[in-house]
Amino acid sequence: MNRYNFKSIEKKWQKVWEENSSFKVDIDLKKKKFYCLEMFPYPSGKIHMGHVRNYTIGDVLSRYKKLKGFNVLHPMGWDSFGMPAENAAKLNNLDPKDWTEKNIATMKTQLKKLGLSIDWDREISTCSPEYYKHQQKFFLDLYDKGLVYRKENYVNWDPVDKTVLANEQVINGKGWRSGAIVERKKLNQWFFNITKFSDELLEGLEKLDEWPNKVKLMQKNWIGKSFGCELNFKIEGNNKFKEIKCFTTRPDTLFGMSFLAVSVDHPIAEIYNGDKEFEKFKSNCSKTGTTEESISQAEKLGFKTNLIALNPLNDEKVPVYFANFVLMDYGFGAVFGCPAHDQRDLDFANKYKLKIKPVVKPLNEKDDFKIDKIAYTGPGEIFNSDFLNGLVVPNESILKTIEILEKKNIGKKKINFRLKDWGVSRQRYWGCPIPIAYNSKNEILKVPQDKLPIKLPEKINLNVNGNPLDHQDEWKKIKIGNEECKLETDTLDTFVDSSWYFLRFCSANNKEEGFSLKDIEYWMPVDQYIGGVEHAILHLLYSRFFTKALDFKNDKFKISEPFKGLFTQGMVCHQTYKIDNTWYSPDEVSSENGKDFYLKNDSSKKVMVGASESMSKSKKNTIDPEIMFETYGADAVRFFILSDSPPEKDVQWSDTGMQSSYKFVQKFWDLHNEIRDKLFLEKSKLTKDNGIDEEINIFTNQIIQKITFNLENFHYNVIIANFHEIYNFLNTCKIEKKIKTLIFKENYLKILKVMQPVLPHMISECISTINEKIDTVWPEIDKRYLSKKSNTIVVQFNGKKRGLLECENDINEDNLIELVKKRDEFKKYLNDKEIVRKIYVKNKLINFIVK
RNA sequence: GCCCUCGUGGUGAAAUUGGUAGACACAAAGGACUUAAAAUCCUUGCCGCUUGCGGAGUGCCAGUUCGAGUCUGGCCGAGGGCACCA
């Protein structure tokens, strides 16, 4: 038997694809385009299983669409600016550029080994001046449009990475990369005015019907639009502060107000400058901080001021508190407290013995409706509220109240967003330089076009405090007009790099422009974007913003959303192994029975088997893709990574699963060779056999139908099951000696074609061993074979399945009933019984209701 | 606390619109072939009794329906997101 040698055959086909530029594409107006894009990798060193899964999914889709006749753009590049390069370089005295380029070379080789259908002529790397020079132009373009500004403000300062983090990059009060506790620091920073597009970004979500709802919802919550009312409260007790502004979404509960709460960062805090008690309270607040869990448990705390606020509706006087649950950066940093209808306010009121006056009662409640420990936030009607009484909550009450408040000049309608502007300044070397300079008066000047790009200096000393670029005095010098100026030394957040790379792929080799309109008009939007859900907010929201920012004040740019379809794949998990606090990798442990694990080099040491978790270097539960390619071949790895779970869910790596995928490849190859001998060799005599031909026609068309459906719907795990069905069917045919007809041969070719996207190397080889051309056509489905000549009909009595009946196709109800009555096994259900009702579902089921 | 998603055999999972629950695989047990192993193939997989059949069965409890994994309501559990966001 001729064993399948994946090593030579995979190499062979990868070479063929490379030499023929098989996946190189250009605009072809005669063809429909399909732009398939997977999130590009950060070149950290080697690819990991997450990449394998991500790129396999995209590759199967791309190859399928190509066979379907689409002009498929499937590019790859490198998100190559960023801190790991700088940190690694610092540590080992290297240049970030060298480190990055070496990693790219390694990972590119690895990706090629996976057999991806990439147009490598379009490869891009964001750290190359060829890429970032365009980004600098876009920065200036956005600056001209007023979408970029500089302001001094408090920033999230990561003391380990010595850089500024965006709000989104602060997770639980810690830097997303370093894990260090983030500090507050005042700095001059560059901002993108993403909030200008708050509404558009929100509304755009509704049109993205090929995005997972989960992601859309996360973005919606992140943008956090709320509708309410801005209110002015008169303040007594201090000459300087006569008024405090509040934002509320529940103006209709204003009659229930019993205190006013402001943030400790509110301007009125000035009154308490130097007050020891207040300082103590303030530092207490910052201890509970703005960070999650700890805070959610934290008690509601207040600091009573000497100020009095007047309820604008009835001049009722209420106390003013500083409160730890009010944040300065949302609304106006002040809220009115209505304990009856807000749980936080209620907890606060109970603690400080403040009045609790209900003003909303559920319908059908009496006027003595009382609030105890739980605030009432449900629907109902307004009461205890003078001229607001009787309004229906919430539909009528909020709008009507705002109307009334506006008429009385007390407040006005207001829409508030949670979204904040995107701070893009980073005090790092390894990023895109910001094309801005400052003259001696510290005025902001754009770097003129003829001085672009501002290239990063190379081979500089990175082991300095703060931003290495600050120390590059020569590099900083730039002459603008007649003025000696200094370059901005901040570089751009790397999320800027990835906010437009999908446009660059359309014109990857255009030296003059970042993209050409002609190219993006044809290729954009990305038809299918595939990546991890961890980018649901950051990257995906920034990319949407950047696209809208380019579109802003630009009639020629006609794209408003970059990604038409989005698919978020799950993670690759593996069990973890641990002794005490030391992690061990899967190849350091072994097990005889699959339950108890011991160290390989010391079998007396029992290993604790932990939960299956997402593969990570720190837990050492990783499997190296390259070792898998070498052991089992790329096709088998592709097959396995798709097989076990639906792609949107996490998948558990399993050695036995991997081995069985390998076995599938081997046994299919063997079977193929037998089929080739029987059907495709010159000496083989093909016959005609109506029974066999019918059977193979039905099977082939049905399986192609299933595979096509599953491809279109990302049910890739089911496709693998379909492949097993194919093997099982063909193998049964072999055993039953049915592989001998001309029709069989035709069908077998079709079957090979639909298997090609998943197993491109082996199937290409299979097709070439039977001297057939690998054409670019996905087989048509012959619908005649989708409906069978006969059907298995379920026979039910009173809704219970009592048997099956094989009937001719489209049998009419009366004939079917006759058939059922004839059968012995059904007689016991019909004897002495009256048929009350019959439900017949054509070709599927008949249900008798009997008495 | 709020919002979202998901609960199907020993395991990973299938089941386009309500219409044969458990496809396909992994693991296990038994068997066939073989001197043996590998490979391959077959059978079994909840409960009850004799082959055969009957019963229960998709987290739990109700409901709608001739018929519910699928629809509705309530509960329990797991995962994810957001957060004192007014």
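What counts, and at which threshold
- Residues numbered from 1 in each chain as written.
- Chains lettered and ligands numbered in written order.
- Predicted model: local features only at pLDDT ≥ 70, side-chain atom pairs only at ≥ 80, totals over all residues.
- Heavy atoms only, no water.
- Near = heavy atom within 4 Å.
- Polar contact = N/O pair within 3.5 Å; in protein donor to acceptor, adjacent residues only side chain to side chain.
- Nonpolar A, V, L, I, M, F, W, Y, C, P; charged D, E, K, R; others polar.
- Helix = DSSP H or I, 4+ residues; strand = E, 2+ residues; numbered from the N terminus.
- Buried < 20%, exposed > 50% of the residue type's maximum accessible area, 1.4 Å probe, protein only.
- Arc of directions from axis to C-beta.
- Contact = heavy atoms within 4.5 Å.
- Disulfide = S-S within 2.5 Å.
- Axes fitted to C-alpha atoms, helices over the stretch in contact; angles between N-to-C directions.
- Parallel < 35°, antiparallel > 145°, perpendicular 65-115°, else oblique.
- Core = buried A, V, L, I, M, F, W, Y, C linked by side-chain atoms within 4.5 Å.
- Pairing = 2+ DSSP bridges.

Q: Go over the protein's contact with RNA strand B with me, naming the residues and quoting the values.
A: Close to RNA strand B lie 55 residues, the nearest being Thr249, Arg344, Asp644, Phe709 and Asn847. A breakdown of the atoms of RNA strand B within 4 Å of the protein gives sugar and phosphate a share of 61%. Between arginine 418 and RNA strand B, the recorded distance is 2.9 Å, taken from a side-chain N or O atom to a phosphate oxygen. Glutamine 796 places a polar side-chain atom, nitrogen or oxygen, 3.4 Å from a base nitrogen of RNA strand B. Split by residue class, the surface near RNA strand B holds 22 nonpolar, 17 polar and 16 charged.

Q: An account of unusual backbone geometry is needed here, citing residue identities and associated values.
A: With an omega dihedral of -5 degrees, the bond running from leucine 452 to proline 453 counts as a cis peptide bond. Inspection of the secondary structure puts proline 453 in the loop between β23 (444–446) and α12 (473–476). A cis amide bond links methionine 524 with the next residue in sequence, proline 525, at an omega value of 0 degrees. Take proline 525: it is sitting in the loop between α15 (517–523) and β27 (528–532). Phi angles above zero are rare outside glycine, and asparagine 93 is one such case at about 55 degrees. Phi angles above zero are rare outside glycine, and lysine 620 is one such case at about 60 degrees.

Q: Kindly report on helix α7 (residues 213–223), identifying the contributing residues and their values.
A: The periodicity of an α-helix, 3.6 residues per turn, causes residues three or four positions apart to be oriented the same way. Within α7, the full set of buried residues consists of Val215, Lys216, Gln219 and Ile223. All buried residues of α7 project into a common sector of 100 degrees when viewed along the axis, lining one side. Turning to α7, the residues buried within the fold contact α6 (198–207), α16 (538–551) and β28 (566–569). Following α7 by one or two positions, glycine 224 has its phi on the positive side, about 55 degrees.

Q: Which residues make up the state of the cysteines, and what are the values?
A: One pass over the full model with this rule turns up zero disulfides. Counting only cysteine sulfurs, cysteine 229 is the nearest neighbor of cysteine 246, a cysteine outside any disulfide, at a range of 10 Å. Given the relative accessible area of 0%, cysteine 246 is considered buried.

Q: Could you give an account of the packing of helix α19 (residues 655–679) against helix α23 (residues 760–769), with specific residues and numbers?
A: For the pair α19 and α23, the least separation of the axes is 11 Å and the interaxial angle reads 10 degrees. Taken as axis vectors, α19 and α23 run roughly parallel relative to one another. For the pair α19 and α23, contact is made by Val665, Phe668, Trp669, His672 and Arg676 and by Met762, Ile763, Glu765, Cys766 and Thr769, respectively.

Q: Hey, could you go over the nonpolar core for me, with residue numbers and the actual values?
A: Core analysis: the largest hydrophobic core is formed by 87 residues, its most contacted members being Trp653, Phe668, Phe723, Ile726 and Leu759. If we ignore the near neighbours within four places in the chain, the residues touching phenylalanine 668 are Ile726, Tyr727, Leu730, Tyr748, Leu752, Met755, Met762 and Ile763. With 85 residues, the next largest nonpolar core counts Ile124, Leu492, Leu503 and Cys506 among its residues.

Q: Got a sec to walk through the sheet that holds strand β16 (residues 360–361)? Specific residues and values, please.
A: Sheet strands pair by backbone hydrogen bonding; their relative direction is either parallel or antiparallel. Sheet architecture is open: three strands sit in the order β16-β17-β18, paired in antiparallel fashion. Every interior strand has two partners, whereas the edge strands, β16 and β18 (392–393), have only one. Looking at chain direction, strand β17 (residues 380–382) and β18 are connected through two bridges and run antiparallel. Each residue of the ladder has a partner; that of glycine 380, found in β18, is valine 393.

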